[in-house]
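# Residue-level structural notes
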Amino acid sequence: MTRLKPITISLMLALTFCFSNVFAQPSERDNYEGASPKYIFYFIGDGMGLSQANTAEAYLGAINNSNGIKKLKLNTLPKQGFYTTYATDRFITGSAAAGTALSTGVKTSISTVGMDAKRQKPLQTIAEMARDKGYKVGIVTSVSLDHATPASFYAHQPTRSMYYNISLDLSKSGFNYFAGGGIKHPEGDGKVDSKNIMANFGMGEDVDLKDKLPNSIELAKKRGYEFVNSVKEFNKLKKGDDKVICIAPKLVGGKSLPYFIDQNGKTDISLAEFTEKGIELLNNKNGFFMMVEGGKIDWACHANDAATVIQEVIQFDNAVSVALDFYKKHPDETLILVAGDHETGGMALGFSGSHYHSDFAILQHQNLSYESFSNLISDYKKNNIRNYKVEDGLALVKKHFGLGDAEKGLELSEFEMQQLKTAFDKSMNYNKKMKKDDQFYLLYGSYDPFTTTACHILSQKAGIGWTSFSHTAAPIPIRSIGVGADLFTGFFDNTDVPKSLMKLIENK
Ligand SMILES: [Zn+2]
């Protein structure tokens, strides 16, 4: 062993003392002696990092002809913080591990929902704690109710893919209001050995799996839940209605709400409307806790579809706006948090090919989501597989993305035209082998090649870059206003968010 000089040792001791002093300093959280918020809104933008929100602001600025940005409501909240998101077994997290960190204050492993990293122990969530303290609890999301983020607030399952077990936990929670997307597998997941896992985690009383899996929606009704899935029934819900599961009348892929860009104001229910209804049903003398997730910001980012991301962020912001209106009536009793679970797509305001140029307003020429456009392409393929024409594909991108429309200033360069033609050919001749090809993946991810190319070209013309079809580890901003908001400022870890929330309601 090398001998340390006395001076080195004393320096080390001094440093140890200095650092331990820093860490030993009682945090603001531990000293909190203020009131508990009576009304708590916990907004989570799935996949929403700094750039997703800021791109929406740049877009709103551009279409309103103002220089710079037009602020989202969520960025008018006066307090800001940032946090790290890593999971126990991967630096770049996923929605289950991040959701669990944000709901329980404990870091866990990838895909684990509401349990410790070894998938042995269920962890108490902030929503359960709120319920036990007498708050009414609401869970609202634009994706399915049993998806990783919402599930992290009421379910305790070793993996997020056990949708059936998660949906059993849903009605077991006794929470008062579930709203948004559907239930993915109400009659069982098929592959998962649910019985064994349920026996391990003390949930064996729910089902006898030998013969059948009881429908989890029917089971929820037996447990006293009202099940609603039409606009008419939704409108009829009123103050006093309790234990409601409220599912959007029209569900698209993954039993989610249609993308905001594809929604019809008359026949669809938006995230903001679900949030507003939540306030009406949950408001009572003991207060409420409501988690609202913008779940498809993430999905649109995975697909690198900037215009759809922006509309999803706007839909999410409209829901935040509903909470802010409520806050204005109850400023001394309300806390609003607007957070995210992780960034998706490595979205950047700036792209190598467009240098310093940006033109966010052109994104308004896209009139449907990548999902709807992919459906158009797959319909076209079904009908024209033997005689498809690249001109037809180009006409579709002109109609739905504005690409190639000189009047919109969206002429295509030779290079862009070539990218579209190549991608259209790939879309028409797609086979599973292509997906395994590295170059194919770098260009199109696991999406329809023609759709992804159209999304990329429009993004690039706008001055938006994408580095990934997956998540990134960029730190996530959190904004807050109201009772206890000070605890959410600074640079910390995602687990600190529920720890601070728990501290706030501990003595309620
Ligand atoms: Zn994701």
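The following refers to the structure shown. (Residues numbered from 1 in each chain as written. Predicted model: local features only at pLDDT ≥ 70, side-chain atom pairs only at ≥ 80, totals over all residues. Heavy atoms only, no water.)

### Quick word on the state of the cysteines
As enumerated under the stated definition, the model contains zero disulfides in all. For cysteine 301, which is in no disulfide, the shortest distance to another cysteine sulfur is to cysteine 455 and amounts to 11 Å. (Disulfide = S-S within 2.5 Å.)

### Remarks on the layout of surface pockets
In this structure, the largest pocket encloses a volume near 250 Å³. Around the largest pocket sit Ser27, Glu28, Arg29, Asp486, Leu487, Thr489, Gly490, Phe491, Phe492, Asp496 and Ser500, which together line it. Examining the composition of the lining of the largest pocket, we find that three residues originate from one element, strand 14 (residues 490-493), more than from any other. Its residues assigned to classes, the lining of the largest pocket comprises three nonpolar, four polar and four charged. (1 Å grid on protein atoms, 1.4 Å probe; cavity = no way out; pocket = protein on both sides within 12 Å on 5 of 7 lines; lining within 4 Å. Points joined across faces, edges and corners; volume = space filled by probe spheres on them. Helix = DSSP H or I, 4+ residues; strand = E, 2+ residues; numbered from the N terminus. Nonpolar A, V, L, I, M, F, W, Y, C, P; charged D, E, K, R; others polar.)

### A closer look at the sheet that holds strand 8 (residues 334-340)
Judged by pairing direction, the sheet is mixed, and its 10 strands sit side by side in the order 5-6-4-3-7-1-8-13-2-14 without closing on themselves. Each edge of the sheet is formed by a strand with only one pairing partner; in this case those strands are strand 5 (226-228) and strand 14. Taking each pair of neighbouring strands and ignoring which way they run, the sheet shows an average axis angle of 15 degrees. Taken together, the four bridges between strand 3 (residues 136-141) and strand 4 (residues 177-180) define a ladder with parallel strand orientation. Residue pairing in the sheet places isoleucine 139 in a bridge with phenylalanine 178 of strand 4. Contacts from helix 19 (residues 496-506) reach strand 1 (39-45), strand 2 (79-84), strand 8, strand 13 (476-482) and strand 14, with the element oriented near 175 degrees to strand 1. (Pairing = 2+ DSSP bridges. Axes fitted to C-alpha atoms, helices over the stretch in contact; angles between N-to-C directions. Contact = heavy atoms within 4.5 Å.)

### A few points about the packing of helix 2 (residues 50-63) against helix 12 (residues 306-329)
Remark: helix 2 packs on helix 12, axes separated minimally by 9 Å, with the N-to-C direction vectors making an angle of 95 degrees. In terms of orientation, helix 2 and helix 12 fall into the roughly perpendicular class. Each of Gln52, Ala53, Thr55, Ala56, Tyr59 and Leu60 in helix 2 lies in contact with helix 12, whose residues at this interface are Val309, Ile310, Gln311, Val313 and Ile314. Per-class residue counts for the contact of helix 2 with helix 12 are eight nonpolar, three polar and no charged. (Parallel < 35°, antiparallel > 145°, perpendicular 65-115°, else oblique.)

### Describing the packing of helix 13 (residues 370-384) against helix 15 (residues 414-428)
One way to put it is that helix 13 packs onto helix 15 with a least axis distance of 10 Å and a crossing angle of 65 degrees. Both helix 13 and helix 15 take part in a crossing whose hand is right-handed. Contact residues: Ile377, Tyr380 and Lys381 in helix 13; Phe424, Ser427 and Met428 in helix 15. The class makeup of the residues in the contact of helix 13 with helix 15 is four nonpolar, one polar and one charged. (Left-handed = near helix turned anticlockwise from the far one by under 90°.)

### Looking at the coordination of the zinc ion
Donor atoms from the polypeptide that coordinate the zinc ion comprise Asp298 (OD), Asp298 (OD), His302 (NE2) and His471 (NE2), at 2.1 to 2.4 Å from the metal. With four donor atoms in place around the zinc ion and angles of 55 to 150 degrees between them, the coordination shape is irregular. Here the donor residues of the zinc ion are spaced in sequence according to D-x3-H-x168-H. You can see histidine 302 sitting in helix 11 (residues 296-302) and its partner histidine 471 sitting in strand 12 (residues 471-472), a full 169 residues away along the chain. (Donors = N, O, S within 2.8 Å, 3.2 Å for Na, K, Ca; no water. Tetrahedral: all angles 85-135°; square planar, octahedral: opposite > 155°, others 65-115°.)

### Some thoughts on empty space enclosed by the protein
Going through the model one piece at a time under the given rule, you end up with one cavity of 30 Å³ or more. Together, Ser167, Leu170, Ser171, Ile183, Ser216, Ile217, Ala220 and Ile245 line the largest cavity. Elements represented by at least two residues in the lining of the largest cavity include exactly helix 6 (163-172) and helix 8 (216-222). When grouped by side-chain class, the residues that make up the lining of the largest cavity number five nonpolar, three polar and no charged.

### Observations regarding helix 13
The first and last C-alpha atoms of helix 13 sit 20 Å apart over 15 residues, in line with the 21 Å expected at 1.5 Å per residue. Among the residues of helix 13, those classed as buried are Tyr370, Glu371, Phe373, Ser374, Ile377, Tyr380 and Asn384. Along its buried surface, helix 13 packs onto helix 11, helix 12, helix 14 (390-401), helix 15 and helix 18 (449-462). (Expected span 1.5 Å × (residues − 1). Buried < 20%, exposed > 50% of the residue type's maximum accessible area, 1.4 Å probe, protein only.)

### Digging into the pattern of salt bridges
The tally for this structure, following the rule as stated, stands at 14 salt bridges. Note that aspartate 486 is salt-bridged to lysine 79, the shortest N-O span being 2.7 Å. Of this pair, aspartate 486 sits in the loop between strand 13 and strand 14 while lysine 79 sits in strand 2, and the two are 407 residues apart along the sequence. Note on aspartate 486: relative accessible area 38%, which makes it partly exposed. Close ionic contact of glutamate 506 with lysine 503 constitutes a salt bridge, the shortest N to O distance being 3.3 Å. Taken as a pair, glutamate 506 and lysine 503 lie in helix 19 at a separation of three residues, close to a single helical turn. Residue lysine 503 is classed as buried on the basis of its relative accessible area of 19%. (Salt bridge = Lys/Arg side-chain N within 4 Å of Asp/Glu carboxyl O.)

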